[in-house]
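For reference, the chains in residue letters:
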Amino acid sequence: MAFTDLPLFQALKSKMQWHQTRQGVLAENIANSDTPEFEARDVKAYSFNDHIGREAFGLTTERTSVAHISGMIGSGIGGKAERRDSFEITPSGNAVNLEEQMMKITQNQMDFQAATTLYTKGLGLIRTALSKTA
């Protein structure tokens, strides 16, 4: 089994591919910013839960003592983000806001760089651990 076949690395590769796809969609939005009646598109938000489950790592949390703090997963704590449509309409009649699209591209690029850094650091840690035991 190769190191890159580990579930964590598979999830990071999947996330990087998602960011590549999103970059293409956002670039199309900008390229069509002057196309009449064009609607800006985006890809479905990425979720690690869609790609790997907790059982894939073989890890589960368990309270072995009543003094332990229980996990927060599934406890109902959290929020719900709502996505609102853009209210700006350009003279060509489409709903592409260039500033918004550029901010999305920048955020996408930063997230992609974070995923590649995690991937690289993870491989480095495994290589270091294996070189120390050999």
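Predicted model only: the values in this text are computed from it and were never measured.

Analysis parameters
Residues numbered from 1 in each chain as written. Predicted model: local features only at pLDDT ≥ 70, side-chain atom pairs only at ≥ 80, totals over all residues. Heavy atoms only, no water. pLDDT = per-residue confidence, 0-100. Helix = DSSP H or I, 4+ residues; strand = E, 2+ residues; numbered from the N terminus. Contact = heavy atoms within 4.5 Å. Salt bridge = Lys/Arg side-chain N within 4 Å of Asp/Glu carboxyl O. Buried < 20%, exposed > 50% of the residue type's maximum accessible area, 1.4 Å probe, protein only. Core = buried A, V, L, I, M, F, W, Y, C linked by side-chain atoms within 4.5 Å.

Peer 1: Provide a residue-level description of the confidence of the model for the protein chain, including the pertinent values.
Peer 2: When pLDDT is averaged along the protein chain, the result is 76; 67% of the residues meet or exceed 70. At the level of individual helices and strands, the protein chain shows its lowest average pLDDT in helix H3 (residues 54–57), which scores 47, and its highest in helix H4 (residues 98–133), which scores 91. Between residues 54–59, whose pLDDT stays under 50, and residues either more than four places distant or in other chains, the model counts 8 contacts. In this model, residues 72–84 is a region of pLDDT below 50 whose contacts with residues beyond four sequence positions or in other chains number 5 contacts.

Peer 1: Go over the pattern of salt bridges, please, and point to the residues and values.
Peer 2: Summed over all chains, the structure comprises 4 salt bridges. The closest approach of N and O atoms between Glu28 and Arg41, which form a salt bridge, is 2.4 Å. Highlighted residues: Glu28 in helix H1 (residues 7–31) and Arg41 in the loop between H1 and helix H2 (48–51), separated in sequence by 13 residues. By relative accessible area, Glu28 is classed as partly exposed at 38%. Note that Asp42 is salt-bridged to Lys104, the shortest N-O span being 3.7 Å.

Peer 1: Pulling in residues and values, what's your account of the nonpolar core?
Peer 2: Grouped together as the largest cluster of nonpolar side chains are 6 residues: Phe9, Leu12, Met16, Ala115, Tyr119 and Leu123. For this core, the elements supplying multiple residues, two or more each, are H1 and H4. Setting aside residues up to four positions removed in sequence, Tyr119 forms contacts with Thr4, Phe9, Leu12, Lys13 and Met16.

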